[in-house]
Amino acid sequence: MRSSLSLLAGVSLLALTLPAQADDGELLILDWSGFEEDPYWEAYAAKHGDMPTYSFFGDEEEAFQKLRSGFRADVAHPCPQSVQKWIEADLIEPWDVSKIPSYMQVAEVFRTDPTFVQDGKVYFIPGDMGATAIAYNTDELTPEDVSTLQVFTNPALAGRISLPDVVDDAYALAYLATGTTDWTQATEEDFQKASAWLREVHPLVRTYWTDGAELAQLMGTGEVLLSWAWNETPVQLADEGQPIAFEREPQEGSSMWFCGYVNIKDGPGDEAKAHDFMESFLQPSVAEYIVTEWGYGHGNAAAMEAIDAATLEEVGLNPIDGPVLNQVPMDIRLREQMVKEFERIKAGF
């Protein structure tokens, strides 16, 4: 499997200096860096003769503030916890799914979710998904060591641990470690327990990684022995012969995440092209590409069913035994608490 990690690292640096990659001026996608790769818009270009224009963001709060401050885009790529917030901020409008035939290949759970579909109007279409679990150095740690998430509290690993600088992934870990497997049912007490657990782990953390390329560097050099990681990183490192494994079945469980696309309200470009882009992204060829080249899953459920079980196991997307915390939409008030508290924890408070 060829990894996108080195490419993503370069694109991330480029994104800091260039506001947009300009191509088709009638469609601007506000996206995570890396998603401008050719296969994602191949069908779109076949119809319109060029790729969309892309502008990049580093996290969803940055994208939200960028749009709130007046940046104009046609389509954006948030994850589910942001959707209600963006709706309430009047930033997005429904998709016309009659113009996106492949939408009917999206799993029913997404087509019926009350956050994504409100009053029969579709506000969010899933695009990519993956697993978050324990990545570890097999030369230094054993399967028994990582059989529990409490390994992150082991003082012997001080300075050799990395956690994601992503509030949803960090709290998914903390909720699981403290006994919550469904954060839509989390209470204030559950939130406080999870926050206290993150505070306990914080002094042991060497760094909070921001993307897969950074984590691959940290684990590839042996600087970091243990991380809560997206599946692409340990799978890629193992494929390169590095002593890195991925444990998705610790006793407390692991997590699954997904992100997707929204239609920005009153976008400056061509609305028909926005829908053509979404249809392009949902093609089976994109599903095959994102699985085999990036190690992620795809929003086209029918296309995912056509991918053989061995390939899914190779990239860490196979079904597992044990608890799974799905990063589905939660009460936005709780998420805002998480955002604020995570910043305090990282700052040492």
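Residues numbered from 1 in each chain as written. Predicted model: local features only at pLDDT ≥ 70, side-chain atom pairs only at ≥ 80, totals over all residues. Heavy atoms only, no water.

A. View of the nonpolar core. Counting 70 residues, the largest nonpolar core has Trp86, Trp95, Ile125, Tyr261 and Phe277 as its most contacted members. In terms of residues, this core owes the most to one element, strand β12 (residues 254-264), which gives 6 residues. Apart from the residues lying within four places of it in its own chain, the contact partners of Trp95 are Val75, Ile100, Val122, Tyr123, Phe124, Ile125, Tyr261, Val262, Asn263, Ala274, His275 and Met278. Of all hydrophobic cores here, the second largest spans 39 residues; its members include Leu157, Tyr171, Ala186 and Met330. (Core = buried A, V, L, I, M, F, W, Y, C linked by side-chain atoms within 4.5 Å. Buried < 20%, exposed > 50% of the residue type's maximum accessible area, 1.4 Å probe, protein only. Helix = DSSP H or I, 4+ residues; strand = E, 2+ residues; numbered from the N terminus. Contact = heavy atoms within 4.5 Å.)

B. Looking closely at the environment of Lys85. With respect to the secondary-structure elements, Lys85 resides in helix α4 (residues 83-88). According to the relative accessible area criterion, Lys85 is buried, its value standing at 17%. The spacing of Lys85 and Ala302 is 217 residues in sequence and 29 Å in space, taken between C-alpha atoms. Discounting chain neighbours no more than four positions away, the residues touching Lys85 are Glu61, Phe64, Ile332 and Glu336. In this structure the side chain of Lys85 is engaged in a polar contact, spanning 2.8 Å, whose partner is the side chain of Glu61. Side chain to side chain, Lys85 and Glu336 meet in a polar contact 3.2 Å long. (Polar contact = N/O pair within 3.5 Å; in protein donor to acceptor, adjacent residues only side chain to side chain.)

C. Broad picture of the pattern of salt bridges. In this structure the tally under the stated criterion is 14 salt bridges. In this structure, Asp276 engages Lys47 in a salt bridge whose closest nitrogen and oxygen atoms are separated by 3.2 Å. Placement of Asp276 in helix α10 (residues 271-281) and of Lys47 in helix α2 (residues 42-48) is noted, with a sequence separation of 229 residues between them. The exposure class assigned to Lys47 is exposed, which follows from its relative accessible area of 58%. For Glu341, the salt bridge is made with Arg199, and the minimal N-O distance between the two is 2.6 Å. (Salt bridge = Lys/Arg side-chain N within 4 Å of Asp/Glu carboxyl O.)

D. Broad picture of a negative patch on the surface. On the surface, a cluster of negative charge is contributed by Asp239, Glu240, Asp308 and Glu314. Inspection of the secondary structure puts Asp239 in helix α9 (residues 232-239). Under the relative-accessibility criterion, Asp239 is labelled partly exposed at 45%. (Patch = residues over 30% accessible without salt bridge, like charges linked within 9 Å, V, L, I, M, F, W, Y side chains within 5 Å. Areas by Shrake-Rupley, 256 points an atom, 1.4 Å probe, with all protein chains shown as cover. Lys, Arg positive; Asp, Glu negative; His and termini not counted. Charge placed at Lys NZ, Arg CZ, Asp CG, Glu CD.)

E. Highlighting the packing of helix α6 (residues 167-177) against helix α7 (residues 188-201). Put simply, α6 and α7 touch, their axes get as near as 8 Å, and they point 105° apart. Relative to α7, the element α6 lies roughly perpendicular. Between α6 and α7, the residues in contact are Ala170, Tyr171, Leu173, Ala174, Tyr175 and Ala177 and Asp190, Phe191, Ala194, Ser195, Trp197 and Leu198, respectively. A breakdown of the residues in the contact of α6 with α7 according to their chemical character gives 10 nonpolar, 1 polar and 1 charged. (Axes fitted to C-alpha atoms, helices over the stretch in contact; angles between N-to-C directions. Parallel < 35°, antiparallel > 145°, perpendicular 65-115°, else oblique. Nonpolar A, V, L, I, M, F, W, Y, C, P; charged D, E, K, R; others polar.)

F. Geometry of the state of the cysteines. Here the structure, examined in full by the defined rule, presents 1 disulfide. One disulfide in the model links Cys79 with Cys259; its S-S distance is 1.8 Å. The sign of the 65° torsion about the S-S bond sets the Cys79-Cys259 disulfide as right-handed. Highlighted residues: Cys79 in the loop between β3 (75-76) and α4 and Cys259 in strand β12, separated in sequence by 180 residues. Of the two residues, Cys79 and Cys259, neither departs from the other in class, the shared state being buried. (Disulfide = S-S within 2.5 Å.)

G. Broad picture of the confidence of the model for the chain. Across the chain, pLDDT averages 91, with 94% of residues at or above 70. Below a pLDDT of 50 lies the segment residues 1-19, which in the model reaches 41 contacts outside its immediate sequence neighbourhood of four places, other chains included. (pLDDT = per-residue confidence, 0-100.)

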